[in-house]
Amino acid sequence: MLKNVAAVLLNGVHPFELGVVCEVFGIDRSDEGLPVYDFAVVSAEGPELGTHCGFTVSTPYGLERLEEADLIAVPAGEAYTERAYPPELLAALRRAVDRGTRVLSVCSGVFVLAAAGLLDGRRCAVHWHHAEQLARRYPRLTVEPDVLYVDEDPVITSAGTAAGIDACLHLVRKDQGPEVANKIARRMVVPPHRDGGQAQFIERPLPKAPCDTVGEVLAWMEAHLDQEVTVEQLAARAHMAPRTFARRFQQETGTTPYRWILRQRVLLAQELLEQTDETMDAIAWRTGFGTAAALRHQFVRALGTTPNAYRRAFRGPQAA
């Protein structure tokens, strides 16, 4: 049972990500019949730490406090993606996992867990902005770039910032049931569970790689997303044989014509959902999906959430 929680900090800690852990586990809500956690903020680098916002945090607790924790949380911090970590912290984290203690990272805190070797052979989540860097620096782990969190018990990792709330509430729900998690979420004025993953928040602009032979066709495809086209028709526009066109397209864009146009249709749907009040049928027609059902199917496949849920997330419930 989850009773004893420690958040371990390094210099440059991000206050919001620390605040997420404090809000879920560090507040006494016993007046509402909720569990009270023995919570402590622990420093891995002396009694006073700087934050990336310029103010300091002080705590009387050092790494020895981790030895009694049921859960150790590692919030994000400045330059966590590049810096070295105290060997004694990494050793303490390894000992904790060996004795069955859970460890949880928020955003770039995952780099600390990776440096300790706790993610070798495991899947993990991280803010989409850091996904490639994490995978490159620690090739023995597997990054799940589209999810809000990954539970590889006893190692739990979460994506950027607010996804730490999702991961913390998931742990509460897992250990103490949905009623407790729902009550904490209600007090925090957040949903107890969010639809979809972080795929819906990732910026995916058009690739800037040079497209010497298919560039004009790409521009035409982008301007005519509402039309059904075949490889043969696109090849004719490029004055190539279909097989040659398909090969050149793959070489210059890194994907197939079908996948490229499908992605651009989803991007256009996202833009219309965010910026207009058009109906699902109208958006389906403008994006080339044809029907609202087809739009929903492809949208869920690409982003892990429905068009209606996406619109609510970006424009508020009144827009659904």
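Just so you know, these numbers come straight off a predicted model, no measurement behind them. (Residues numbered from 1 in each chain as written. Predicted model: local features only at pLDDT ≥ 70, side-chain atom pairs only at ≥ 80, totals over all residues. Heavy atoms only, no water.)

Peer 1: Would you explain the confidence of the model for the protein chain in this entry?
Peer 2: Predicted coordinates in regions of low pLDDT should not be interpreted in detail. For the protein chain, per-residue confidence averages 89 on the pLDDT scale, and 92% of positions sit at 70 or higher. Confidence drops under a pLDDT of 50 for residues 202-209, and excluding neighbours within four residues, the segment shows 13 contacts in the predicted structure. (pLDDT = per-residue confidence, 0-100. Contact = heavy atoms within 4.5 Å.)

Peer 1: How do you make sense of the sheet that holds strand S2 (residues 38-43) when you look at a structure like this?
Peer 2: Strand order in the open sheet formed by six strands is S2-S1-S5-S6-S10-S9, and the pairing between neighbours is mixed. Strand pairing shows two members of the sheet lacking a second neighbour, S2 and strand S9 (149-152), which therefore form its edges. In this sheet, adjacent strand axes meet at a mean angle of 15° when their direction is disregarded. One ladder, built from three bridges, connects strand S1 (residues 4-9) with strand S5 (residues 71-74); its direction is parallel. When the bridges of S5 are listed, alanine 6 appears paired with isoleucine 72. Helix H5 (residues 163-176) contacts S5, strand S6 (102-106), S9 and strand S10 (155-158) of the sheet and is inclined by roughly 155° relative to S6. (Pairing = 2+ DSSP bridges. Helix = DSSP H or I, 4+ residues; strand = E, 2+ residues; numbered from the N terminus. Axes fitted to C-alpha atoms, helices over the stretch in contact; angles between N-to-C directions.)

Peer 1: In this structure, what is going on with the UniProt feature "domain: HTH araC/xylS-type" (unreviewed entry) in the protein chain? I would like to understand it.
Peer 2: The residues that UniProt annotates with the feature "domain: HTH araC/xylS-type" (unreviewed entry) are residues 215-313. Secondary structure content for residues 215-313 is 76% helix and 0% strand, and the end C-alpha separation is 34 Å. (UniProt positions renumbered as here; feature names shortened; annotations may be inferred.)

Peer 1: Sorry if this is basic, but what is going on with the environment of glycine 177 here?
Peer 2: Residue placement: glycine 177 occurs in the loop between H5 and helix H6 (178-188). For glycine 177 and valine 110, which are 67 residues apart along the polypeptide, the C-alpha to C-alpha distance reads 26 Å.

Peer 1: Quick question: what am I supposed to make of the pairing of S1 here?
Peer 2: A regular strand places its side chains on the two faces of the sheet in alternate fashion. Most of S1 is tucked away, with six of its six residues classed as buried. Both faces of S1 are covered, namely the face carrying Asn4, Ala6 and Val8 and the face carrying Val5, Ala7 and Leu9. The pairing of S1 with S2 spans six bridges and is classified as parallel. Of the residues in S2, the one forming a bridge with alanine 6 is alanine 40. (Buried < 20%, exposed > 50% of the residue type's maximum accessible area, 1.4 Å probe, protein only.)

Peer 1: Whenever I open this one, unusual backbone geometry confuses me. Can you help?
Peer 2: The peptide bond linking aspartate 153 to proline 154 adopts the cis configuration, its omega dihedral lying at 15°. Of note, proline 154 is situated in the loop between S9 and S10. Backbone geometry at cysteine 107 places phi at a positive 55°, although glycine is not the residue there. Relative to the elements of secondary structure, cysteine 107 occurs in the loop between S6 and helix H3 (110-115). Its identity as a non-glycine residue notwithstanding, histidine 239 has a phi of 60°, on the positive side. Structurally, histidine 239 is set in the loop between helix H8 (231-238) and helix H9 (242-253).

Peer 1: Please clarify how helix H12 (residues 292-303) should be interpreted in this entry.
Peer 2: It helps to recall that an α-helix has 3.6 residues per turn; residues three or four apart then point in one direction. Relative to the 16 Å expected for 12 residues at 1.5 Å per residue, H12 spans 16 Å between its end C-alpha atoms, a close match to the ideal helical length. If you check which residues of H12 are buried, you get Leu295, Gln298, Phe299 and Leu303. Projected down its long axis, H12 carries its buried residues within an arc of 105°, all on one side. Away from its buried face, by an angle of more than 90 degrees, H12 presents the exposed residues Ala293 and Arg301. Where the residues of H12 are buried, they touch helix H10 (257-275), helix H11 (280-287) and helix H13 (307-315). (Expected span 1.5 Å × (residues − 1). Arc of directions from axis to C-beta.)

Peer 1: Would you mind showing me how to read the packing of H10 against H12 here?
Peer 2: Helix-helix packing is described using two parameters, namely the angle between the two axes and the distance between the axes. Remark: H10 packs on H12, axes separated minimally by 10 Å, with the N-to-C direction vectors making an angle of 100°. As summarised for this structure, H10 and H12 are arranged roughly perpendicular, according to the angle between their axes. Contacts from Tyr258, Leu262, Arg263, Val266, Ala269, Gln270 and Leu273 in H10 reach Leu295, Gln298, Phe299, Ala302 and Leu303 in H12. Taken together, the residues that form the contact of H10 with H12 break down as nine nonpolar, two polar and one charged. (Parallel < 35°, antiparallel > 145°, perpendicular 65-115°, else oblique. Nonpolar A, V, L, I, M, F, W, Y, C, P; charged D, E, K, R; others polar.)

Peer 1: I'm lost on the nonpolar core in this one. Help?
Peer 2: Within soluble globular proteins, side chains that are nonpolar generally end up buried alongside one another. Among the nonpolar cores identified, the biggest contains 69 residues, and Phe25 and Leu134 are the most heavily contacted of them. Setting aside residues no more than four positions away along its own chain, phenylalanine 25 makes contact with Leu2, Val5, Tyr37, Phe39, Leu71, Cys168 and Val172. If you look at the next biggest cluster of nonpolar residues, it comprises 28 residues, including Phe245, Ile261, Ala269 and Leu273. (Core = buried A, V, L, I, M, F, W, Y, C linked by side-chain atoms within 4.5 Å.)

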